[in-house]
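Residue strings, one per chain:
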Amino acid sequence: MNIHEYQAKQLFRDYAIAVPQGAVADSPQLARRAAEQLPGSAWVVKAQIHAGARGKAGGVKVVNSWQDVAAAAENMLGRRLVTHQTDAAGLPVNSVWVEEASAIKREFYLSLLVDRESERLIFIASAAGGMDIEAVAAEAPDKIVRVPIHPAAGPQAYQGRLIAAAFGLGKEQQAQLQQILNGIYQLFVAKDCSQIEINPLIETEDGKLVALDAKINFDDNALALHPDIAALRDASQEDAKE
Ligand code: ADP
Ligand code: MG
């Protein structure tokens, strides 16, 4: 089962993974009101659908006024958004997530998934964030770092340093990265996820690591154990035939 970005970011928050402040809205008026409550002078309006690649499809808009927040929401809500991760019919946009705009210094890729070969959870990391990891794998496979985690040990400090080195992080950010790795790992295990992907994880101009995007898939076979997660289901995003 998939969930929306705003739901995944709430779970990230629960596990002490830094995310931008934001609010979900299902009307242009509520989107504007959400921006009014948020800090800063620029905001991002993001269409909530169960697919990525929204940025290139007009589903992520950076704006500089409350009025433009409402206008961007108006443009997205009630339409279907087609991205290269959806089919030709696209997915309905029933809500938008409004968040503070971040000052991005660098974008990274980080995910945790089940590696059937090593029979472990494995972190996949790349300094080429914001891009599809499939494209990075095809064009520059050496830029991808794979770090399998021993189930009895969890993520270790030396493994955090391997990923920090791949990102080219300074000492200051290493502790932040370790906290994110631990948070993702704990969330994955606690909620029986099948994949967690942060693309991009960013370094802000003032040196903070923040999850700017959030994608979580859950193991359907374990959903009965997690009523809190099962309650996040959005049938409007699912194919009835499936
Ligand atoms: P998708 O993967 O569906 O395209 P993302 O959430 O990754 O959506 O957003 C696409 C791009 O938009 C990001 O790579 C980033 O450059 C920019 N972006 C997203 N959220 C913010 C934000 N809060 N502040 C600044 N830029 C953002
Ligand atoms: Mg993304």
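Whatever comes next refers back to the structure up there.
Everything numeric here is computed off the predicted structure, so don't read it as measured data. (Residues numbered from 1 in each chain as written. Chains lettered and ligands numbered in written order. Predicted model: local features only at pLDDT ≥ 70, side-chain atom pairs only at ≥ 80, totals over all residues. Heavy atoms only, no water.)

Next up on the list: the packing of helix α5 (residues 157–167) against helix α6 (residues 171–190). Between α5 and α6, whose axes approach to 9 Å, the crossing angle comes to 115°. Considering the relative orientation of α5 and α6, their crossing is right-handed. Residue-level contacts link Ala 157, Gly 160, Arg 161, Ile 163, Ala 164 and Phe 167 of α5 to Gln 174, Leu 177, Gln 178 and Leu 181 of α6. Its residues assigned to classes, the contact of α5 with α6 comprises six nonpolar, three polar and one charged. (Axes fitted to C-alpha atoms, helices over the stretch in contact; angles between N-to-C directions. Helix = DSSP H or I, 4+ residues; strand = E, 2+ residues; numbered from the N terminus. Left-handed = near helix turned anticlockwise from the far one by under 90°. Contact = heavy atoms within 4.5 Å. Nonpolar A, V, L, I, M, F, W, Y, C, P; charged D, E, K, R; others polar.)

Neighbouring residues of ligand 1: 17 residues in total, closest Lys 46, Arg 54, Gly 55, Glu 99 and Glu 107. A distance of 2.7 Å separates an oxygen atom of ligand 1 from a polar side-chain atom of Glu 107. The separation between an oxygen atom of ligand 1 and a polar side-chain atom of Asp 213 is 3.0 Å. Elements with a minimum of two residues in the shell around ligand 1: β2 (43–47), β6 (96–100), β7 (104–115) and β10 (193–204). For the shell around ligand 1, a count of residues per class yields seven nonpolar, four polar and six charged. (Near = heavy atom within 4 Å. Polar contact = N/O pair within 3.5 Å; in protein donor to acceptor, adjacent residues only side chain to side chain.)

As a further point, take the packing of aromatic side chains. According to the stated counting rule, one finds three aromatic pairs in the structure shown. Consider the rings of Tyr 6 and Trp 97, whose centres lie 6.4 Å apart with planes at 20°: the pair is stacked. On the criterion of sequence distance, the pair formed by Tyr 6 in helix α1 (residues 5–14) and Trp 97 in strand β6 is long-range, its members being 91 residues apart. The class for Tyr 6 is partly exposed, based on a relative accessible area of 24%. When the centroid spacing of 4.3 Å and the interplanar angle of 10° are considered together, the rings of Phe 108 and Phe 167 count as stacked. (Phe/Tyr/Trp six-rings, centres within 6.5 Å; stacked < 30°, edge-to-face > 60°. Buried < 20%, exposed > 50% of the residue type's maximum accessible area, 1.4 Å probe, protein only.)

Coordination of the magnesium ion (ligand 2) by the protein is provided by Asn 199 (O) and Asp 213 (OD), with metal-donor distances spanning 2.1 to 2.2 Å. On the criterion of sequence distance, the pair formed by Asn 199 in strand β10 and Asp 213 in the loop between β11 (209–211) and β12 (215–218) is long-range, its members being 14 residues apart. Taken individually, Asn 199 and Asp 213 each receive the classification buried, so the pair is uniform in this respect. (Donors = N, O, S within 2.8 Å, 3.2 Å for Na, K, Ca; no water.)

Another aspect to go through is the nonpolar core. Counting 37 residues, the largest nonpolar core has Phe 12, Phe 123 and Ile 216 as its most contacted members. Sorting elements by how many residues they give to this core places α6 first, with seven residues. Residues Ala 35, Trp 43, Ala 47 and Val 98 belong to the second largest nonpolar core, which totals 21 residues. (Core = buried A, V, L, I, M, F, W, Y, C linked by side-chain atoms within 4.5 Å.)

Here Lys 208 is to be found in the loop between β10 and β11. Placed 32 residues apart in sequence, Lys 208 and Gln 176 show a C-alpha to C-alpha distance of 7.8 Å. The contacts of Lys 208, once residues within four sequence positions are left out, are Gln 176, Ile 202 and Glu 203.

In this section: the pattern of salt bridges. The final tally for this structure, using the stated rule, is eleven salt bridges. Here Glu 5 and Lys 9 are joined by a salt bridge, their closest N and O atoms 2.7 Å apart. Of this pair, Glu 5 and Lys 9 both sit in helix α1, four residues apart, roughly one helical turn. Accessibility assignment for this pair places Glu 5 and Lys 9 in one class, buried. Here Lys 46 and Glu 99 are joined by a salt bridge, their closest N and O atoms 3.6 Å apart. Taken together, the positions of Lys 46 in strand β2 and Glu 99 in strand β6 put the pair 53 residues apart, joining distant regions of the chain. For Lys 46, a relative accessible area of 5% corresponds to the buried category. (Salt bridge = Lys/Arg side-chain N within 4 Å of Asp/Glu carboxyl O.)

Before going further, it helps to spend a moment on α6. If you check α6, its first and last C-alpha atoms are 29 Å apart, about what 20 residues at 1.5 Å a residue would give, namely 28 Å. Of the residues making up α6, those classed as buried are Gln 173, Gln 176, Leu 177, Gln 178, Ile 180, Leu 181, Gly 183, Ile 184, Tyr 185, Leu 187 and Phe 188. (Expected span 1.5 Å × (residues − 1).)

Attention now moves to the sheet that holds strand β3 (residues 60–63). One open sheet holds the four strands; their spatial order is β1-β6-β2-β3, and the pairing between them is antiparallel. The open sheet has two free edges, formed respectively by β1 (22–25) and β3, since each of these has just one partner strand. Averaged over all pairs of adjacent strands, the angle between their axes in this sheet comes to 20°, without regard to strand direction. For β1 and β6, the ladder comprises four bridges, and the chain directions are antiparallel. (Pairing = 2+ DSSP bridges.)

Any functional reading would require information that these geometric values do not contain.
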